[in-house]
Amino acid sequence: MNLGIIGGGQLGRMIAMACYPLGVRATVLEPGSGSSASQVCDHIAGEFDDLQALYKLVQASDVVTFEFENVPVESARWLAERVPVFPPARALEVSQERFAEKQFFQSLGIPTPPFAAIENEADFHAAVADIGLPAVLKTRRFGYDGKGQAVIRTPADADAAWQKLGGRPLILEGFVPFDRELSLIAVRGRTGQIVTYPLIENVHIDGILHRSIAPAPNLGEELGERAAEFASRILTELNYVGVLTIEWFQDGPRLLANEMAPRVHNSGHWPIEGALTSQFENHVRAVCGLPLGRADAVGSSAMYNFIGTAPPALAVLANPDAHLHLYGKSARPWRKVGHVTLRASNAAELQEKLPEWDAQFPRGG
Ligand code: AMP
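Conventions we followed
Residues numbered from 1 in each chain as written. Predicted model: local features only at pLDDT ≥ 70, side-chain atom pairs only at ≥ 80, totals over all residues. Heavy atoms only, no water. Phe/Tyr/Trp six-rings, centres within 6.5 Å; stacked < 30°, edge-to-face > 60°. Helix = DSSP H or I, 4+ residues; strand = E, 2+ residues; numbered from the N terminus. Buried < 20%, exposed > 50% of the residue type's maximum accessible area, 1.4 Å probe, protein only. Axes fitted to C-alpha atoms, helices over the stretch in contact; angles between N-to-C directions. Parallel < 35°, antiparallel > 145°, perpendicular 65-115°, else oblique. Left-handed = near helix turned anticlockwise from the far one by under 90°. Contact = heavy atoms within 4.5 Å. Near = heavy atom within 4 Å. Polar contact = N/O pair within 3.5 Å; in protein donor to acceptor, adjacent residues only side chain to side chain. Areas by Shrake-Rupley, 256 points an atom, 1.4 Å probe, with all protein chains shown as cover.

Report on the packing of aromatic side chains, specifying residues and quantitative values.
Pairs of aromatic rings are described using the distance from one ring centre to the other and the angle between the two planes. This model, assessed by the stated rule, comprises eight aromatic pairs. Taking the centre distance of 6.3 Å and the plane angle of 90° together, the rings of Tyr-197 and Trp-270 count as edge-to-face. You can see Tyr-197 sitting in the loop between β10 (194-196) and β11 (200-205) and its partner Trp-270 sitting in the loop between β14 (254-261) and α9 (271-274), a full 73 residues away along the chain. The pair formed by Tyr-197 and Trp-270 is uniform in burial state, with each residue classed as buried. One aromatic cluster in this structure is built from Tyr-304, Phe-306 and Phe-361.

Shown next as structure tokens:
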């Protein structure tokens, strides 16, 4: 079996690494050379809308997947006429546009923050009056890691936000005074089998994921079941195949959907060591038509991102709970260059060790 992967970042790299034990050969499509993923598998150099490069990928692949959600939808559809492409192009379409995404959640009865589409300044003022402050103004497309957003707390902020972002399609959302952010990784196989990982607690700094804890502490069963049920509505509606990630705000007993990513996710790295099957292996199994593996957590895990630069391996691994992952990327501000997962036997041990781990792995920059 040959798997084509669109995108050569660390997610593509970890998908490719999960292919090896399954006897699947991975080929990555990525414009440059020497990318994180192309260091560990075959590589086709080309832009994501270059038909010649896409044709080469078709020839090298029995099935194609992608590692980021801004793959041009036309490329995914063009490929899908020639080779199976999972997840489906419609999942890309929905998740590339924040307004379409929120409407999609709403159509499935999944709660979201209040939101309104903004095309012009009049819409903006009407939406601010309607939704009230505080609120968050976001670009509808190509926002990631908190980019293309402005929090509005006062009327003066509203003017500044409009100056910064106005002139393109936007969405205004009510600001959720959330207790914490959670994410859910779910996977659906080609036969419709669904497996769901436990809910994960995430801390973002400057819009970039800093730390994930799994399973999310002090959760109660009901919230996890509700999130899994919401996920299965999305997976079924899209006739989805592969890993899907949904990011949530927890506000007391409320669970509000923030966004979804039709791909493996940074908050799902911990299962490489911390669950019975990693998200990457389950993604490869799903898209290749293989049965899925169990997603139960084994003990509790904390994952920290290395942003900008990574500490020396010697220092990280001096901690016997630590498992280090480096992505083969050079140091650069704001760049995710690696992560570490620390494992504890159970939730109590994790809580006991967390202050020490937090101190050992502060947010880089
Ligand atoms: P996003 O790119 O939509 O995931 O937003 C990045 C981060 O901004 C989120 O992880 C939240 O911390 C924060 N954020 C986004 N939308 C809202 C909202 N409606 N209310 C409160 N915080 C938000």
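Before we move on, can you summarise the packing of helix α2 (residues 51-60) against helix α3 (residues 73-80) with the specific residues and values?
Contact geometry of α2 with α3 gives a least axis separation of 10 Å together with a crossing angle of 40°. Between α2 and α3, the crossing angle belongs to the class labelled oblique. Classified by chirality, the crossing of α3 by α2 is right-handed. Across the interface between the two elements, Leu-51, Leu-54, Tyr-55, Leu-57 and Val-58 from α2 touch Ser-75, Trp-78 and Leu-79 from α3.

Can you tell me about the site of the ligand, naming the residues and giving the values?
Around the ligand sit 15 residues, and of these Lys-138, Gln-149, Val-176, Glu-181 and Glu-259 come closest. Interatomic distance of 2.9 Å between a side-chain N/O atom of Gln-149 and an oxygen atom of the ligand. Glu-173 has a polar side-chain atom sitting 3.1 Å from a nitrogen atom of the ligand. Coverage of the ligand by the protein chains reaches 89% of its 470 Å² of free accessible surface.

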